[in-house]
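Descriptive analysis of the structure
Listed here are the chains, written in short residue letters.
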Amino acid sequence: VSDPSDESLLAAHLRGDPRAFGTLVTRHERRIFGLCLRILGNREDAEDATQEAFLAALRKASTFRRAAAFSTWLYRIAVNAATDQARRRGRARMTTLDPEDAGVAADPGADLGETVTAAVAVQTALTKVPEEFRVAVVLCDLYRVPYADAAQILEVPVGTVKSRVFRGRLALAECLGAPPDRPPLHVPGPPGTDTTSPASEPTDPPSRPQE
Amino acid sequence: VPDHPDREQLAAFQAGDGDRRQRAEVEAHLAGCPSCAEVVASVEQARRRLAVLEEPALPPGLHDRLAAAVEAEAAQPSPANGPARWYRRRAAGRPHAHPVPWYRRPVAWGAAAALLLAALIVPFLDRSSGDLTTAGGSSGGSSQEAATTGGAADADRIPVIRIPGEVSAATVRSRLATDSRAKNALDSAGAPGAQAATPRASQGAGPGTQSPDQAGGGYRSSAPAPPAGAASLQPCLPAATAAAKPASRPLRPAFFIQGTYRGRETTILVTTSTGEPGRVDLWVFPRDNCSSRPLATEPVR
């Protein structure tokens, strides 16, 4: 017996099954948390946004239409929750450098491994990419969401998604700033002091894609 | 060279769009245009470097928090719940199912317990407020010794300051403005001729490092020594140095802080930078445990 699909779980939930929504939470919580963490760059905000996303999904459950995949619908809600959270927080929160937040299993007692350091560097750089571009990069490059689905999630044309991903990668490359043949063995210095970063204003993209 | 393709065209090209003729045109342009080729190469490189990010684990406790939040939300007979009759039925079965703000939901009790714990700890920290001691409470020695002995003797030359309550860059900034001992430790660390620290062999904090007898009124022989002593602080400087960007290296250790950082018991190394004069950074570690990477870093100035 295969597990019920997300869509049928949501339908069961709407019919009054008290456990169906909980199953959906269990099934998607890690992905949604990861998505929020990549967008927001720190665990606390990501946890808050994850909670908001599932609560919003619960409130909007009856608006789900089978035309879209459940995951697409949920991603859209999660992206909105994450960007709302970013707006609420402003830029007050520092970028976290916790290796666990960089998504690399912490190995207690180990040296500052190159992989960990590189992951922290990439996550740190990612938080400096303007939000609009960062969201597109997180969806398409990290979560392997097809451009067409990302267009549905972001409610923009497919060409705009491609443009945002391209600009996001470009901004990321500028933030990382290492020569192509040498991966960085360091994390950038503390935030707010790196004057070499060309994209340090996440809320104000220097140039917008044509929409 | 004909007109450069614009970013939309390069984006489409990189996304694999376009018919054979269009792609051939862009390829031909890239072959003859180093600047466009560099843009495409760096974008491609960024895409590849993203691969180091793995899917993060679900933080402990988040599942329970979500379950509790969803449960509480489902119990509300709020109009926001819309046409989902299920909520209404469930809510009807629960007398007075008032909306529950998130901070009153059961999950908030963990946070409340943490606050209570903090409230219990702060008075203890307060007793030693302002104490300036040295890590491990070792006896004094000449700075020359500190510089030459190297190795295990290093961290116990670096003063340790206990700060009650939450420590932030602002706390440290005001401390440096008002606490002459902290300021002295910083000045000596940044002074010309102070021993530079390297990741491999960390060195003493330099001529101004305060031994207990130099620390004046701040030092009390009865002051409790840091629980884990100097040995546990030894790796802090190499760990911070490894995390610092090259321009900031070598770091010069000024002093340690023992305090709470974002609700967590931490040991914070305060450094100045040889590469960037005037720069002061905090490197935050779990309390008395510098064997891992810094939890966070923050510039003071």
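Heads up: the structure comes first, above all this text.
Here is what the cut-offs are and how they apply
- Residue indices follow the written sequence of each chain, beginning from 1 at its first position.
- Chains carry letters from A onward and ligands carry numbers from 1 onward, assigned in written order.
- Two thresholds apply to this predicted model, a pLDDT of at least 70 for residue-level local features and 80 or more for giving and counting side-chain atom pairs, whereas whole-chain, interface and lining totals are computed over all residues.
- Computation of side-chain values: all heavy atoms of the structure, hydrogens and water removed.
- Numbering of helices and strands starts at the N terminus; helices are DSSP runs of H or I of at least 4 residues and strands are runs of E of at least 2.
- We call two residues contacting when some pair of their heavy atoms lies within 4.5 Å.
- What counts as a ring pair is set by centres within 6.5 Å for rings of Phe, Tyr and Trp (its six-membered ring), and what kind of pair is set by the plane angle: stacked under 30 degrees, edge-to-face over 60, tilted for all other angles.
- Remark: exposure states derive from per-residue accessible area (1.4 Å probe, protein chains only) relative to the maximum for the residue type, with buried under 20%, exposed over 50%, and partly exposed in between.
- Take a side-chain nitrogen of Lys or Arg and a carboxyl oxygen of Asp or Glu: if they are within 4 Å of each other, that pair is a salt bridge.
- For this analysis, a polar contact is any N or O atom pair within 3.5 Å, provided that within protein one partner can donate a hydrogen and the other can accept it, and provided that sequence-adjacent residues contribute only side-chain to side-chain pairs.
- As used here, the term nonpolar core means buried Ala, Val, Leu, Ile, Met, Phe, Trp, Tyr and Cys residues forming a set that is joined through side-chain atoms within 4.5 Å.
- Here, strands pair whenever DSSP counts at least two bridges between them.
- In this tally, Asp and Glu contribute negative charge and Lys and Arg positive charge; neither His nor the terminal groups of the chain are included.

1. Here's the deal with the environment of Gly259(B)
Residues and elements named next belong to chain B. In this fold, Gly259 is placed in strand β3 (residues 251–261). Expressed as a C-alpha distance, the spacing of Gly259 and Val284, which sit 25 residues apart in the sequence, is 9.9 Å. Setting aside chain neighbours within four positions, we find Gly259 in contact with Ile163, Val167, Arg264, Glu265, Thr266 and Arg287.

2. Some thoughts on the packing of aromatic side chains
All names here are of chain A. Per the stated rule, a full pass over the model turns up four aromatic pairs over all chains. With centroids separated by 6.3 Å and ring planes inclined at 80°, the aromatic side chains of Tyr75 and Tyr143 adopt a geometry described as edge-to-face. Linking Tyr75 in helix α4 (residues 70–89) with Tyr143 in the loop between α6 (131–142) and α7 (147–154), this pair joins segments that are 68 residues apart in sequence. The exposure classification of Tyr75 matches that of Tyr143, with both residues buried.

3. Thoughts on the pattern of salt bridges
This structure, assessed with the given rule, holds 18 salt bridges over all chains. In this structure, Arg87(A) engages Glu131(A) in a salt bridge whose closest nitrogen and oxygen atoms are separated by 4.0 Å. Note that Arg87(A) is positioned in helix α4 and Glu131(A) in helix α6, a separation of 44 residues in sequence. Residue Arg87(A) is classed as exposed on the basis of its relative accessible area, which comes to 57%. Classification of Glu131(A) as buried rests on a relative accessible area of 18%. Asp281(B) serves as the salt-bridge partner of Arg279(B), at 2.8 Å between the closest nitrogen and oxygen. Residue Arg279(B) shares its accessibility class with Asp281(B), and that shared class is buried. Residues joined in a network through salt bridges with shared partners are Glu47(A), Asp48(A) and Arg65(B).

4. Quick word on the side chain of Glu132(A)
Residues and elements named next belong to chain A. In this fold, Glu132 is placed in helix α6. Residue classification places Glu132 among the buried residues on the basis of a relative accessible area of 19%. Separated by 3.3 Å, the side chains of Glu132 and Arg164 make a polar contact.

5. Describing the nonpolar core
Core analysis: the biggest nonpolar cluster contains 70 residues, and Leu35(A), Leu139(A) and Leu154(A) have the highest contact counts within it. Per-element tally for this core: the top contributor is helix α2 (residues 20–40) of chain A, with 11 residues. Apart from residues lying up to four places away in sequence, Leu139(A) is in contact with Leu35(A), Tyr75(A), Val79(A), Arg144(A), Val145(A), Ile153(A) and Leu154(A). If you look at the next biggest cluster of nonpolar residues, it comprises 21 residues, including Ala189(B), Ala254(B), Phe255(B) and Leu295(B).

6. Quick notes on the pairing of strand β2 (residues 159–166) of chain B
All names here are of chain B. Most of β2 is tucked away: six of the eight residues are buried. Note that β2 and β3 share four bridges and pair parallel. Each residue of the ladder has a partner; that of Val160, found in β3, is Phe256.

7. Remarks on the side chain of Arg38(A)
By the secondary structure assignment, Arg38(A) is in helix α2. Although Arg38(A) lies buried, it forms no salt bridge, and the closest oppositely charged side chain, Glu54(B), sits 7.6 Å away as judged by the N-O distance. Within polar-contact distance, the side chain of Arg38(A) engages the side chain of Gln123(A) at 2.6 Å.

8. A look at the pairing of strand β4 (residues 264–273) of chain B
Residue and element names in this part refer to chain B. Counting buried positions over the 10 residues of β4 gives eight, a clear majority of the element. Here 10 bridges tie β3 to β4, and the two strands are oriented antiparallel to one another. Counted as the bridge partner of Gly259 is Thr266 from β4. Counted between consecutive antiparallel strands, the loop separating β3 from β4 contains two residues, among which Arg262 sits at a positive phi close to 50°. Of the pairings in the sheet, the one linking β4 to strand β5 (residues 280–286) comprises seven bridges and is antiparallel in character. When the bridges of β5 are listed, Leu269 appears paired with Trp283. Taking the residues that link successive antiparallel strands as the turn, the β4-β5 hairpin has six residues, and the phi of Gly278 there is positive, at about 90°.

Structural measurements only, silent on function.
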